[in-house]
Amino acid sequence: MNLSDIFSSLNQQHFSGELPLPKLTWNSRLRSSAGRFCPGSRNILKPRAPLIEIASYLQELDDGLLHITDTLLHEMIHYWLWIKHKPYGHTPEFHHIMKRVGARRYNPVPKLSAVKYWYECPRCLHKSPARRRLGSVACLSCCKKWNQGKYHENFRLRIAGAQAPMVAPEQNPATPAPLPISEILRRLEDLRNIIKKTSSKNTKLAPH
Ligand SMILES: [Zn+2]
Ligand SMILES: [Zn+2]
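Here's the deal with the overall build of the chain
Point 1. Regarding its fold elements, the chain presents five helices and six strands.
Point 2. Counted from the first residue to the last, the chain has its helices and strands arranged as α-β-β-β-α-α-β-β-α-β-α.
Point 3. Within the span of the chain, comprising 208 residues, buried residues form 34% of the whole.
Point 4. In the chain, of all internal contacts separated by at least 6 residues, the share reaching a separation of at least 24 is 57%.

Brief notes about the pattern of salt bridges
Point 1. According to the stated counting rule, one finds seven salt bridges in the structure shown.
Point 2. The partner of K86 in a salt bridge is E93, and the shortest N-O contact between them spans 2.9 Å.
Point 3. Its relative accessible area of 30% is what places E93 among the partly exposed residues.
Point 4. As a salt-bridge pair, E189 and R192 come within 3.2 Å of each other at their nearest N and O atoms. With a gap of three residues between them, E189 and R192 both fall in helix α5 (residues 181-205), about one helical turn apart.

Topic: the coordination of the zinc ion (ligand 2)
Point 1. Looking at the zinc ion (ligand 2), one finds its protein donor set to be C121 (SG), C124 (SG), C139 (SG) and C142 (SG), positioned 2.2 to 2.4 Å from the metal centre.
Point 2. Classification of the site at the zinc ion (ligand 2) rests on its four donor atoms, whose angles at the metal span 104 to 113 degrees, yielding the label tetrahedral.

Examining the packing of aromatic side chains
Point 1. On inspection of all chains with the given rule, the structure shows four aromatic pairs.
Point 2. Ring centres 5.8 Å apart and planes at 45 degrees place the aromatic pair F37 and Y79 in the tilted group. Of this pair, F37 sits in strand β2 (residues 35-38) while Y79 sits in helix α2 (residues 64-83); the two residues are 42 residues apart in sequence, bridging distant segments of the chain. This pair shows no difference in class: F37 is buried, exactly as Y79 is.
Point 3. Through a chain of ring-to-ring contacts, three or more aromatic side chains come together here, namely F7, F37, Y79, W82 and Y88.

What to know about the sheet that holds strand β1 (residues 23-27)
Point 1. Taken together, three strands build an open sheet; the order of strands is β1-β3-β2 and the sheet is mixed. In the strand order of this sheet, the two ends are held by β1 and β2, each with one partner. Taken pair by pair, the neighbouring strands of this sheet meet at an average axis angle of 20 degrees, ignoring direction.
Point 2. Pairing analysis gives five bridges linking β1 to strand β3 (residues 51-55), with the strands arranged parallel.

Side note on unusual backbone geometry
Point 1. For H85, which is not glycine, the phi dihedral falls at a positive 60 degrees.
Point 2. Its location among the elements puts H85 in the loop between α2 and α3 (92-101).
Point 3. A positive phi angle, close to 65 degrees, is found at L125, a residue other than glycine.
Point 4. Mapped onto the elements, L125 comes out in the loop between β4 (117-120) and β5 (127-130).
Point 5. Here L125 falls in the partly exposed class, since its relative accessible area comes to 47%.

Quick notes on the rules
Residues numbered from 1 in each chain as written. Chains lettered and ligands numbered in written order. Predicted model: local features only at pLDDT ≥ 70, side-chain atom pairs only at ≥ 80, totals over all residues. Heavy atoms only, no water. Helix = DSSP H or I, 4+ residues; strand = E, 2+ residues; numbered from the N terminus. Buried < 20%, exposed > 50% of the residue type's maximum accessible area, 1.4 Å probe, protein only. Contact = heavy atoms within 4.5 Å. Salt bridge = Lys/Arg side-chain N within 4 Å of Asp/Glu carboxyl O. Donors = N, O, S within 2.8 Å, 3.2 Å for Na, K, Ca; no water. Tetrahedral: all angles 85-135°; square planar, octahedral: opposite > 155°, others 65-115°. Phe/Tyr/Trp six-rings, centres within 6.5 Å; stacked < 30°, edge-to-face > 60°. Pairing = 2+ DSSP bridges. Axes fitted to C-alpha atoms, helices over the stretch in contact; angles between N-to-C directions.

Right, here's the structure in full:
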């Protein structure tokens, strides 16, 4: 499926062909949302083209083209606002345009009904969806990083929670969810212990 073709027809249909073609790519790592818009840089010294990414998994859905078109249209509204030097988040104007162009969803992330299980790596805690139970499958990036790319039991994926719904709100995937205070305190305590340990070690090892 050619994203720039879909872009061109949406551009003609809803934006009088005003939008210059941005960088358009599929992103196979995009899981928490269906698409995203990354503004370009207007800095003359460090120019960067604006970018629209569409999650690859949309291609696997039965009504994939519909989701792709919808998602692209959604991101194009962000892009149009940015082009016009306006705030380009989910502003009242965003909603207004959304109504005008008939984008059907505020949140373009479809439910992945086929996803039954979420697996997570015990080491890096990366979560990945699966449609069926997996056998002995280990985290690829951890095996690469820590075991020369070979399978290691320590990185064997475990079930993180069956039927976790895939309805994350559209958000910047780079922003992690806020931690509860208790968790922050616990991590601080861990950190303090580590510092204590290393500093006492250093004292012992320090030359006289
Ligand atoms: Zn959005
Ligand atoms: Zn891992």
